[in-house]
Amino acid sequence: DIVMTQAPLSVSVTPGESASISCRSSKSLLHSNGITYVYWYLQKPGKSPQLLIYRMSSLASGVPDRFSGSGSETDFTLKISGVEAEDLGVYYCMQATHAPWTFGGGTKLELK
Amino acid sequence: EVQLQESGPGLVKPSQSLSLTCSVTGYSITSNYWGWIRKFPGNKMEWMGYISYSGSTSYNPSLKSRISITRDTSKNQFFLQLNSVTTEDTATYYCARSSGDAWGQGASVTVSS
């Protein structure tokens with residue numbers, strides 16, 4: 001199975017500052033069709049996961065543009081430019097290029 | 001707007017089967033792919049499997065032959081059955097559209113005697 005190594009485990013950010021979360025895969029996630037199937041989710045306390053980014057860098061519908069995704073074949077980053085109070089929760093990366101789909105271990109974002 | 005809702009027992013005895021239903025409204029399950037994901041105590045998330053618009057399935061090999069995902073298109077529902085459960089199957093179970101943009105609220109399932 002593909003291992004998704006997410007870092008840091010937790011991050012504490014002052015509202016208005018930027019935050020970055022990293023995810024590294026154990027194998028290239030570039031599909032033969034040219035698409036990189038990396039997703040980013042936010043799970044707010046008591047809620048279901050919500051999609052932020054799909055296919056590595058595409059912003060999901062309704063998601064504020066302070067969220068952005070980037071990466072290469074094995075290294076991926078979620079950036080939040082100007083963290084807001086509503087952004088707290090646990091962030092997950094997930095790959096769907098290779099079966100079985102696998103998740104990173106999660107990054108908890110807290111506010112200072 | 002598509003909505004998903006999980007339902008089923010919150011407590012299952014070891015060695016028995018866990019059965020959950022995902023009811024979908026606002027979108028036909030004969031389109032797209034529909035999956036089950038679970039979150040264990042702590043933060044670990046596991047993709048369990050999906051059923052496609054045509055009824056074909058794909059499962060996480062870690063669940064071996066214990067898992068089955070089926071559907072009832074007349075009711076726009078799909079189902080999870082996990083056999084021979086142990087305490088390690090205690091988790092919150094989510095159904096979701098496999099594009100990732102629609103999830104149920106989650107069903108907490110405890111395996112305990």
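Rules behind the numbers
Residues numbered from 1 in each chain as written. Chains lettered and ligands numbered in written order. Predicted model: local features only at pLDDT ≥ 70, side-chain atom pairs only at ≥ 80, totals over all residues. Heavy atoms only, no water. Pairing = 2+ DSSP bridges. Helix = DSSP H or I, 4+ residues; strand = E, 2+ residues; numbered from the N terminus. Buried < 20%, exposed > 50% of the residue type's maximum accessible area, 1.4 Å probe, protein only. Contact = heavy atoms within 4.5 Å. Axes fitted to C-alpha atoms, helices over the stretch in contact; angles between N-to-C directions. Core = buried A, V, L, I, M, F, W, Y, C linked by side-chain atoms within 4.5 Å.

1. Considerations on the pairing of strand β8 (residues 77-82) of chain B
Residue and element names in this part refer to chain B.
Next, step 1: Where strand β3 (residues 18-25) lies against β8, 6 bridges are found, and the strand directions are antiparallel. Looking at β8, one finds that Leu20 is bridged to Leu80.
Next, step 2: Note that strand β7 (residues 67-72) and β8 share 6 bridges and pair antiparallel. Note that in β8 the partner of Arg71 across the bridge is Phe78.
Next, step 3: Turn length for the β7-β8 hairpin, with the two strands adjacent in sequence and antiparallel, is 4 residues, and the turn residue Asn76 shows positive phi of about 55°.

2. Some remarks on the environment of Ser10 of chain A
Residues and elements named next belong to chain A.
Next, step 1: Turning to its location among the elements, Ser10 is positioned in strand β2 (residues 10-13).
Next, step 2: For Ser10, a relative accessible area of 43% puts it in the partly exposed group.
Next, step 3: Dropping the residues within four chain positions of it, Ser10 is found in contact with Thr107 and Lys108.

3. Here's the deal with the sheet that holds strand β1 (residues 3-7) of chain B
Residues and elements named next belong to chain B.
Next, step 1: Here 4 strands make up an open sheet; going across it, the order is β1-β3-β8-β7 and the pairing antiparallel. Each end of this open sheet is capped by a strand with a single partner; those strands are β1 and β7. Direction aside, the axes of adjacent strands within the sheet are offset by 20° on average.
Next, step 2: Summarising the sheet, β1 and β3 pair through 5 bridges and their orientation is antiparallel. Looking across to β3, one finds that Glu6 is bridged to Cys22.

4. As for the sheet that holds strand β7 (residues 67-71) of chain A
Hydrogen bonds between backbone atoms are what pair the strands of a sheet, whose relative direction is either parallel or antiparallel.
Residues and elements named next belong to chain A.
Next, step 1: Pairing in this open sheet of 4 strands is antiparallel, and the strands run β1-β3-β8-β7 from one edge to the other. Two strands lie at the open edges of the sheet, namely β1 (4-7) and β7, each paired on one side alone. With strand direction ignored, the average angle separating the axes of adjacent strands in the sheet is 20°.
Next, step 2: Relative to strand β3 (residues 19-25), β1 is paired through 4 bridges, and the arrangement is antiparallel. Residue pairing across strands places Ala7 opposite Ser22, the latter belonging to β3.

5. A look at the nonpolar core
Next, step 1: If you look at the biggest cluster of nonpolar residues, it comprises 41 residues, and the most contacted ones within it are Trp40, Leu52, Tyr91 and Phe103 of chain A.
Next, step 2: What Leu52 of chain A contacts, discounting residues up to four positions off in sequence, is Trp40, Tyr41, Leu42, Ser58, Leu59, Ala60, Val63, Phe67, Leu78 and Tyr91 of chain A.
Next, step 3: Counting 27 residues, the second largest nonpolar core, distinct from the first, contains Leu4, Leu63, Leu82 and Val85 of chain B.

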